[in-house]
Structures are given as structure tokens and as C-alpha cells.
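Single-letter residue listing:
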Amino acid sequence: MNDPVWLMLVKGVLVFVVLVLLVLFTIWYERRVVAIMQVRPGPNRNGPFGLLQSLADGLKLAFKEDTMPRTADRVVFIAAPVIAVACAFTAFSVVPFGPEVNVFGIETELQLTDFEVSVLVILACSALGVYGIVLAGWASGSAYSLLGALRAAAQVISYEIALGLAVLAVFFQSRLMSTGAIVEAQAEGLPLSLGGAEFTLPGWYFLVLAPSFVIFVIAMVGETNRAPFDLPEAESELVAGFATEYSSLKYASFFLAEYVNMVTMSALAVTLFLGGWAAPFPDSWWPGANEGFMPLVWFFGKVLAFLFFYVWLRGTLPRLRYDQFMNLGWKVLVPVSLVWLMVLAAMNIGLDTGNDLPTRIAFAGGAAIVVMALIFFWPSRKPYEDPAEPDTGLGGFPVPPLDLAVPPNPRSLKQLEPANTSAVPINGSRSTDEKEEG
Amino acid sequence: MTDLAQAAVLAQSGSAGEAVFFWILAPVAVAGALGLVLSRQAIHAALSLAVTMMCLAVFYIMQHAPFLGFVQIMVYTGAIMMLFLFVLMLFGRDSKDSMFETLRGQRLFAVLLGVGMAALLSSGLARAVSGLVVAEPAGPAGQGNVERIAEALFSTYLFPFEIVSGVLTVAAVGALMFAHVAKKGGHRGQREHSRERFRPGNYPGPKPGPGVFATSDSTATPALRPDGSIEPASLSEYVPPRQLTPAEAAPKHTEGRDS
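The rules we used
Residues numbered from 1 in each chain as written. Chains lettered and ligands numbered in written order. Predicted model: local features only at pLDDT ≥ 70, side-chain atom pairs only at ≥ 80, totals over all residues. Helix = DSSP H or I, 4+ residues; strand = E, 2+ residues; numbered from the N terminus. Buried ≥ 20, exposed ≤ 12 C-beta atoms within 10 Å, placed from the backbone. Contact = placed C-beta atoms within 7 Å. pLDDT = per-residue confidence, 0-100. Core = buried A, V, L, I, M, F, W, Y, C linked by C-beta atoms within 7 Å. Nonpolar A, V, L, I, M, F, W, Y, C, P; charged D, E, K, R; others polar. Axes fitted to C-alpha atoms, helices over the stretch in contact; angles between N-to-C directions. Parallel < 35°, antiparallel > 145°, perpendicular 65-115°, else oblique. Pairing = 2+ DSSP bridges. Expected span 1.5 Å × (residues − 1).

### Focus: the overall build of chain B
Consideration 1: When helices and strands are tallied, chain B shows 9 helices and 0 strands.
Consideration 2: In chain B, which comprises 259 residues, the share counted as buried stands at 11%.
Consideration 3: Counting only contacts in chain B whose residues sit at least 6 apart along the sequence, the fraction spanning at least 24 positions is 39%.

Here it is, written out as C-alpha cells:
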């Protein structure tokens, strides 16, 4: 990374512009995709296909009144959205978009910066981004905000562990901690011979490290506070959670940070597990696919696929209850990650250098099948028993008897009586009734 | 001052960019440390500490220890300070330091002793560090920062490392033991709740509120059934029931509207 200063500045501005445009696009994309899933048109008024909808929304938010509660802590209240946005944008600086290209006679990589431990930058930025949310909730001086902030803190700290453990498996496998180098390490295919037929699997880590990939994807959704893990801003429980008291551009900046985080996490998943900017087919099909600016297409295609996955989750799954969510994080994801890391270390030592990839795949596949079989055929599961007799309302759910005869409605009978047709106050009629009874 | 001068000498030995960053971030770090001591509100103090830790992390990165710097951000600023904030937020935002002096003259002595301690420490440190030459990172060529840390941690310092992790685990488990409260009875899930609700003899709907069909909607007024009798489920355990007589419930002509 020995770029001249002007190139660094251009790259920085480009990363910023790309992120902002992607956020505008993602909001529209999310709304359209959810709309299609719910069989309705979605935003389609502003610009072609409604593409300018999020721009219009952003302008509208910017012109709203900027309010601050009387109980707010002024400095922290203003600093919180700034922290959230700054951390979100910084994290994207180490994501590699493509290989070395030639720009005005200078060989440079399509990446703002890269160094020995650049994956840690993204993790550190996501750890700091929580400060934005937590401080926003605390500084607002409102109960809903504080509850949202507490949930956010607990959630992000818990899921960061699972996320870190999943990333650790990638470090184990590649023995590298730099984003660009990890992408290059995945470029080699896995030669596999099955019954005499030779073919090459992609060397992407989502195959070799399948459990880590699953854990990473789950933890990634938890880390970005997206549905079904959007407990800090659960609108049915906490109004808008940590952002309840925010309005105007400050509110918009929380949205911006959330969507930038989504994009960053998708990009990280693509970089670590899906081969980064590499084309999703063997080199022999199209030799020039991984050179020049072409990889940008593959990279953003993969990122958009991940964003679609985010939206799909949101359109499909209901929000988890808080205790279920924490159970999933601490009792499932973290132990499974730890066990898998041990297994991975044992395999790396046992198979020595890790060249023997078919054996490794056989190991991992066999282990996965054994785990699935254990889950399905666990002996403590009770076999399904047919109900002995049909439920008749006693002990089971209340169902009307099968021979139900509908009794005549007393009100409809009463209306026929001439005495009640005149307008009599209800109180009066009730007191006369009581007198008659007494 | 000796500390600062020493640090400046250290900074000059690096590149110019390093010096620029040092002179920008060092005042921020010191300001954060002062803010930690001087701010009244606990959260502001915690935030100042977080700022200082961030500055330290950047210093580590400038000293060619990027792994240490980012781990500092992730672990100290990201996790530990976040736990501090968590606890402080639970205490409530109005908890401030009391400025009441319980011991007469305590503050004066504290300031004097603090300044003395700082002078002692900084002079000792300055004497220890002066004349040191900034060394190139040791180790064989081609070995990165991470490899060297891993080698030191898992060969030379393996035993202390394991001891520290054991102590931390014991602390965490101990805290859990103190905080853990055993639940009375088994866990009742959705199935048990539903069974209980629909068991024979139980009305599965919500209980009638007080005052339903009655002459008053007071908490003391039991709900009436459509036939006029009192619904027992609406009787409160704590509020003595009170049913208005028809005379009491009749309009009192207080508003002068209805004749």
C-alpha cells in the first residue's frame, strides 16, 4: 500500500460515496423486496421504479424539526449519532473490492487500506459502534431509550463473542489476519477426485468452515440489530428503542449507521467466507473474469445477495423473545463455536499441513451427519401419540358441542315488545327491572 | 514535564507522521485522564476513560504493534468499558458524587498526597526510561507482529497466561454464584400455562374488571353479571367491596341540567 496521497484521498471519497449510495439503494431494495414478499407494490412513485424514494425520505428527515428532550444530556446526546456513523464508515475502509488495477499509470489495489491485522479493524469498529447506541439511549433520559440501550449493549457484547469465534476459525485456517490476503488464500480450488472423475471445488471458506459460516451469519444479524434480532428497537415493546427521542438528521444518522453496518457485515462475510471479489466460477470458463475492474461486479453481486438474505429474514421471521435470544447466543452459538474450533485445531494438527482437503471434507461432512443424526434420533424425544379420544372441551381446547342448538337471542325478542321501543334511559330501565325482581 | 519531554524524544525518533499524531493525541489522552478524575457524573468519567484508552490504542498502533492496539480497542474499550457503562446506566442517571467532606481537611491532604505520588512515580519512571534506545522489533525477519506475540504468549509466558485465565474464570464463576438465584418450582412453559388456563372449571377468558355493568366504575365496585348478581371473580382481595344503592346511584341534579 504505497499509494500517492491524491490516490488515497480519491479512494477515501469513493468508499464514502459508494457506501452512501449503497445505503440509499438498500433502503429502497429492502422495501421493494419485502413488498414483493407481502404481495404489494412497495415504493414506486419517486423516480424510475421508486429508486429515489430513500433520497426523498432523507431530504424529508433533514427538514424535520430537531428536538432534544429537557432531561437529555446535551453533549452525549449529540455525540452519540456521530459515534455511530463514524464507526460504521471507518469499518468499511479495509474491505477489498478487487485485485490490483492500473489507475492513470499507477498500480494500486481496489481497497482503501490493508495491513497485517485488518480484519480486527472491522471487529473493533463494530465494538465501538455500540457506544453510539448505548450513549444515545442513556443520554435521551427516557425509560424506553434506556431499555433499548441496555438491550443493545447486552446483545452486541454477547453476539460479538460468537462472531469473533467464527472469525477465529478463518484465522486458524488461513493463518492470516489481513482481508486482502484472506481473499487471495481462498483463490486456490480444492482438487477432488471422486470415483476417478477429477473436479475442482471452490476453495472458499464457507465450504471448508461450514459451521463457522453458519455461526457467523447468525451472529452477524445479531450484531447489526436487524430482524429477527432487532430487540433494541422493538417497536411493539419500546416505541423505537434507543432512538425514541431522536428526530431529524440525528435520527437519520442512526438509520445510516444501521444500513452501513449491514453493508459492512455483508462485505465482511463475503470477504471471509465467499471468496471476496473472486468470480463465482472456475478460471477456465472465463480467464479474464478476475482481472481489472470486473471483480467489482462479483463483489457487489455477492454483497447484494447477502443484503437480500437480510431482507428475507426480516420478511419471514418474527422477533425473538429476549430470553430465547440470549439462550441462542450463549448456550448454542458460543459452545458450538468453541467445540468446532477445537475440532478444527485437532484436524489441522492431525492432518499436518491441511493439504489433504478431501479427507478434511469427509471428516467435516461425517461429523455434520453424526450431529444431525443425534439431533433427530435423540432417545429422550417422546414419540408422537395420537389423542385417545377427540377433545370435547373438557381438558382440551374449548370446542362447541357437536349437537349444538343455537338458543334464541333474548335481545331480538325484547325489541319486539312495544314497551321497550320508546327511548328510555338505560339506568331507568335497569332500576325498574330490579324493582320487579325484588 | 520530564515524562512529556522523554515522550517527545521518543516521538522524534519515529517518523514525522508519528510525531504529528503523538502531539495531537497525547493532549487528548491527558484530557481524558483529567476528565475521568474531575467529572461529576459517573458516565462522563467512564467516557473520558474510554477516550484515553482509544488514544493509548492508537499509540500502540503507531509503535508497530497493530494487534495490541486493536485488541486494546476490542477488549478494553469495546467490552470492559461497555460493562462499566452498563452498570452505571442501571444505577440511574442522577447519581452524582457527593461533595460533602466527611473528614475535615481530607481534600487538601488527598491533593497533596496525589501530587507527591505522581511526582515520585514520574521521576522514577523518567530515570528508568532515560537513555534507552528505541530498538527495532526483535525476532527473525519475516515474522509478523502477531506471530511474535503468539510465540511469547504460548511458549515463554504460557504458565502465567494460563494462571491469569484461570483466575479470571474463577472470578466470573464466583460472580455467577453470588448472582444466581435458584428458581422456586420448575420452569413453566407455554404448554403448562395453556393447560392450566383451559383446565375444567376455569374460565379461560380475562377476569371481569370492577364496575362492569355496575352503577359505578370504582375499584371498590364489583362487576355485575347480566342478571344483576355480583361476579365473584371481580372482587378484589384488598379493597372492601362497596355497591351503591339505587338511591345513591340516582342522578343528584348537581349540574342543573336534567330536571
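That was the structure; now back to the text.
### So, the confidence of the model for chain B
All names here are of chain B.
Consideration 1: On average, residues of chain B score 79 in pLDDT, and 84% of them are at 70 or above.
Consideration 2: The spread of mean pLDDT over the elements of chain B runs between helix 1 (residues 2–13), the lowest at 49, and helix 7 (residues 158–179), the highest at 90.
Consideration 3: Both confidence scores are given for the complex: pTM 0.73, ipTM 0.70.

### Things to note about the nonpolar core
Consideration 1: In this structure, A:Ala124, A:Val134, A:Ala149, A:Phe216, A:Ala219 and A:Ala269 are the most contacted members of the largest nonpolar core, which totals 119 residues.
Consideration 2: Examining the composition of this core, we find that 17 residues originate from one element, helix 4 (residues 118–139) of chain A, more than from any other.

### Thoughts on the interface of chain B and chain A
By a widely used convention, the size of an interface equals the accessible area lost when the partners come together.
Consideration 1: At the interface, 22 residues of chain B touch 26 residues of chain A.
Consideration 2: Contributing elements (two or more residues each) for the side of chain B that touches chain A: helix 4 (66–91) and helix 6 (145–156) of chain B.
Consideration 3: A total of 12 residues in the side of chain B that touches chain A trace back to one element, the largest contributor, which is helix 4 of chain B.
Consideration 4: Broken down by class, the residue content of the side of chain B that touches chain A amounts to 16 nonpolar, 5 polar and 1 charged.

### With respect to the packing of helix 1 (residues 5–37) of chain A against helix 10 (residues 248–273) of chain A
Residues and elements named next belong to chain A.
Consideration 1: One can describe the packing of helix 1 onto helix 10 by two numbers: an axis separation of 9 Å at closest approach and a directional angle of 100 degrees. The angle between helix 1 and helix 10 falls in the class roughly perpendicular. Here Leu19, Leu22, Val23, Thr26 and Ile27 of helix 1 lie close against helix 10, whose contacting residues are Leu256, Tyr259, Val260, Met262 and Val263.

### Looking at the pairing of strand 1 (residues 98–103) of chain A
All names here are of chain A.
Consideration 1: By the bridge criterion, 5 bridges tie strand 1 to strand 2 (residues 106–110) in an arrangement that is antiparallel. Bridge pairing links Glu100 to Glu109 in strand 2.
Consideration 2: In textbook terms, the turn of a hairpin is the stretch between consecutive antiparallel strands, and for strand 1 and strand 2 this stretch comprises 2 residues, one of which, Phe104, has a positive phi near 50 degrees.

### Quick look at helix 5 (residues 106–129) of chain B
All names here are of chain B.
Consideration 1: Given a rise of 1.5 Å per residue, 24 residues ought to cover 34 Å, and the 34 Å separating the end C-alpha atoms of helix 5 matches this to within 8%.
Consideration 2: Burial analysis of helix 5 places just 0 of its 24 residues in the buried class, a small minority of the element.
Consideration 3: The first or second residue beyond helix 5 is Gly131, which carries a positive phi of 85 degrees.

### Remarks on the packing of helix 2 (residues 53–62) of chain A against helix 10 of chain A
Packed helices, taken two at a time, are described by the angle between their axes plus the distance between the axes.
Residue and element names in this part refer to chain A.
Consideration 1: Interhelical geometry of helix 2 versus helix 10 gives an angle of 140 degrees and a closest axis separation of 7 Å. Touching Gly58, Leu61 and Ala62 of helix 2 are Ser248, Leu249, Tyr251 and Ala252, all from helix 10.
Consideration 2: Residues of the contact of helix 2 with helix 10, tallied by class, amount to 5 nonpolar, 2 polar and no charged.

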